[in-house]
Amino acid sequence: MNQKTINTVRKSIFTVLMMGMSILFLLPFVWMLSTSFKIEADVFTYPIQWIPKTWHVIENYKEVWNGQFPFYKYYLNSIKITVVTTILSCIVSALAAYGFSKIQFAAGKYLFLIVLATYMIPQQAILVPQFILYRSIGFFDSHVGLILLGSFSVLGTFMLRQFFMGVHNEYIESAKIDGAGHARIFMQIAFPLVRPAVATYAILRFIWTWNDYQNPLIFLRTDSLYTIQLAMQKFTTINGEFYSLIMAAAVSSIVPLLIIFVIGQKSVIEGIALGGVKG
């Protein structure tokens, strides 16, 4: 066999292996989706019924969304917190990244190292000071407090700074000669050039905030303020013996993540490609 044929065989084998692994990774999700469509008596039948014999879709999801423990209230809470946090975090991280990469000032490098050093502190180590601070200033048990907790990210600042450093300084200098200040340079030149990277970080920030369980658990006490993660835990406690309802709630909780990824996957690919381009 010639080298071309060998390479084709290798690629075919690799493709088959990756497809097999993808199916293995997808099986738990498929089982969860299938279970959410079943009546409770069919959940643990053996062999597994991937396609339900008796469909119970409307009843299961109606109970989840508008039953004894209505999910739509907690969905709205999570959407509000996640969207606002993502927007604020992108703005703050992008501004900080631009400042650290394109604005020369005394001790700028040392200040950036201090910011990076804070990333090494475990979040659990600062929960008690945060709790005391938020309770003293009135942000405890409120959505505002949760939003502020996620509005700044060291990782986001570091990630976007690397992309801003890839923007040629000639663009910045030319804009300065034309009389543009840093605010205009950031909005009209630098930010549009790194938009794929910002979109990538926005998707990551959305996923992290949506899946956050620790901060809502500690900083929220009122039931009506709960996020979807706390609602899932409470829903599981109430309906622990009804796996079809629990799976319907789980499917409902991950739908926004799937939608965000499908919409933003092009931006993720562009962000990765942009990161591989060195200016």
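Values in this document were obtained by computation on a predicted structure and should not be read as measured data.

Thresholds, definitions, all that
- Residues numbered from 1 in each chain as written.
- Predicted model: local features only at pLDDT ≥ 70, side-chain atom pairs only at ≥ 80, totals over all residues.
- Heavy atoms only, no water.
- Helix = DSSP H or I, 4+ residues; strand = E, 2+ residues; numbered from the N terminus.
- Rg over C-alpha atoms; globule rule 2.2 N^0.38 Å.
- Buried < 20%, exposed > 50% of the residue type's maximum accessible area, 1.4 Å probe, protein only.
- Contact = heavy atoms within 4.5 Å.
- Areas by Shrake-Rupley, 256 points an atom, 1.4 Å probe, with all protein chains shown as cover.
- Lys, Arg positive; Asp, Glu negative; His and termini not counted.
- Charge placed at Lys NZ, Arg CZ, Asp CG, Glu CD.
- Polar contact = N/O pair within 3.5 Å; in protein donor to acceptor, adjacent residues only side chain to side chain.
- Axes fitted to C-alpha atoms, helices over the stretch in contact; angles between N-to-C directions.
- Left-handed = near helix turned anticlockwise from the far one by under 90°.
- Nonpolar A, V, L, I, M, F, W, Y, C, P; charged D, E, K, R; others polar.
- Core = buried A, V, L, I, M, F, W, Y, C linked by side-chain atoms within 4.5 Å.
- Salt bridge = Lys/Arg side-chain N within 4 Å of Asp/Glu carboxyl O.
- Parallel < 35°, antiparallel > 145°, perpendicular 65-115°, else oblique.
- Arc of directions from axis to C-beta.

**Here's the deal with the overall build of the protein**
Here comes step 1: In terms of helices and strands, the protein carries 13 helices and 0 strands.
Here comes step 2: Listing every helix and strand of the protein by position from the N terminus yields α-α-α-α-α-α-α-α-α-α-α-α-α.
Here comes step 3: Its C-alpha radius of gyration of 24 Å places the protein more than 25% over the 19 Å reference for a compact globule of 279 residues.
Here comes step 4: Judged by the C-alpha coordinates and their principal axes, the protein covers about 75 × 75 × 35 Å.
Here comes step 5: Counting over 279 residues, the protein shows a buried share of 38%.
Here comes step 6: Restricting to contacts in the protein with at least 6 residues of sequence separation, those with at least 24 account for 72%.
Here comes step 7: Summed over its atoms, the accessible surface of the protein is roughly 16,700 Å², and 69% of this surface lies on carbon and sulfur atoms.
Here comes step 8: Placing the 20 positive and 12 negative side-chain charges of the protein at their respective mean positions leaves the two points 10 Å apart.

**A closer look at the side chain of Ser153**
Here comes step 1: For Ser153, the position within the fold is in the loop between helix H6 (143-149) and helix H7 (154-164).
Here comes step 2: A distance of 3.4 Å separates the side chain of Ser153 from the backbone nitrogen of Leu155, its partner in a polar contact.
Here comes step 3: Within the structure, the side chain of Ser153 is placed 3.4 Å from the side chain of Tyr201, a separation counted as a polar contact.
Here comes step 4: In this structure, Ser153 is in contact with Ser89, Ser93, Tyr201 and Arg205, ignoring residues within four places of it in sequence.

**Points about the packing of helix H3 (residues 71-102) against helix H10 (residues 195-211)**
Any two packed helices are characterised by the angle at which their axes cross and by the distance between the axes.
Here comes step 1: Where H3 meets H10, the closest approach of the two axes is 9 Å, and the angle between their N-to-C directions is 140°. In this structure, H3 meets H10 at a crossing whose hand is right-handed. Between H3 and H10, the contacting residues are Tyr75, Ser78, Ile79, Ile81, Thr82, Val83, Thr85, Thr86, Ser89, Cys90 and Ser93 on the first element and Val198, Tyr201, Ala202, Arg205, Phe206, Thr209 and Trp210 on the second.
Here comes step 2: Partitioning the contact of H3 with H10 into residue classes produces 10 nonpolar, 7 polar and 1 charged.

**Quick word on the nonpolar core**
Here comes step 1: One finds Phe71 and Phe235 to be the most contacted residues of the largest nonpolar core, which totals 33 residues.
Here comes step 2: Put simply, the parts of the chain that give this core at least two residues each are helix H2 (57-66), H3, helix H5 (127-137), H6, H10, helix H12 (228-238) and helix H13 (243-275).
Here comes step 3: Broken down by element, the residue count for this core peaks at 8 residues, all from H13.
Here comes step 4: The residues contacting Phe71, other than those within four sequence positions of it, are Val64, Trp65, Ile228, Ala231, Met232, Phe235 and Ala249.
Here comes step 5: Formed by 20 residues, the second largest nonpolar core is a distinct cluster that contains Val167, Ala180, Phe186 and Ala190.

**Some points on the pattern of salt bridges**
Here comes step 1: This model, assessed by the stated rule, comprises 1 salt bridge.
Here comes step 2: Across the pair Asp223 and Lys234 runs a salt bridge, and its minimum N-O distance is 2.4 Å. Linking Asp223 in the loop between helix H11 (214-219) and H12 with Lys234 in helix H12, this pair joins segments that are 11 residues apart in sequence.
Here comes step 3: Residue classification places Lys234 among the partly exposed positions, given a relative accessible area of 30%.

**A closer look at the packing of H7 against H10**
Here comes step 1: Taken N-terminus to C-terminus, the directions of H7 and H10 make an angle of 165°; their axes are 10 Å apart at the nearest point. By the angle class used here, H7 and H10 are roughly antiparallel. The crossing of H7 and H10 is right-handed. In contact with Leu155, Gly156, Met159, Leu160 and Phe163 of H7, H10 contributes Ala197, Val198, Thr200, Tyr201 and Trp208.
Here comes step 2: Per-class residue counts for the contact of H7 with H10 are 8 nonpolar, 2 polar and no charged.

**Quick notes on H2**
Here comes step 1: Those residues of H2 that sit buried are Asn60, Tyr61 and Val64. Mapping the buried residues of H2 onto a view down its axis gives an arc of 85°, with all of them on the same face. Every exposed residue of H2 that faces more than 90 degrees away from the buried side is listed here: Ile58, Lys62 and Asn66.

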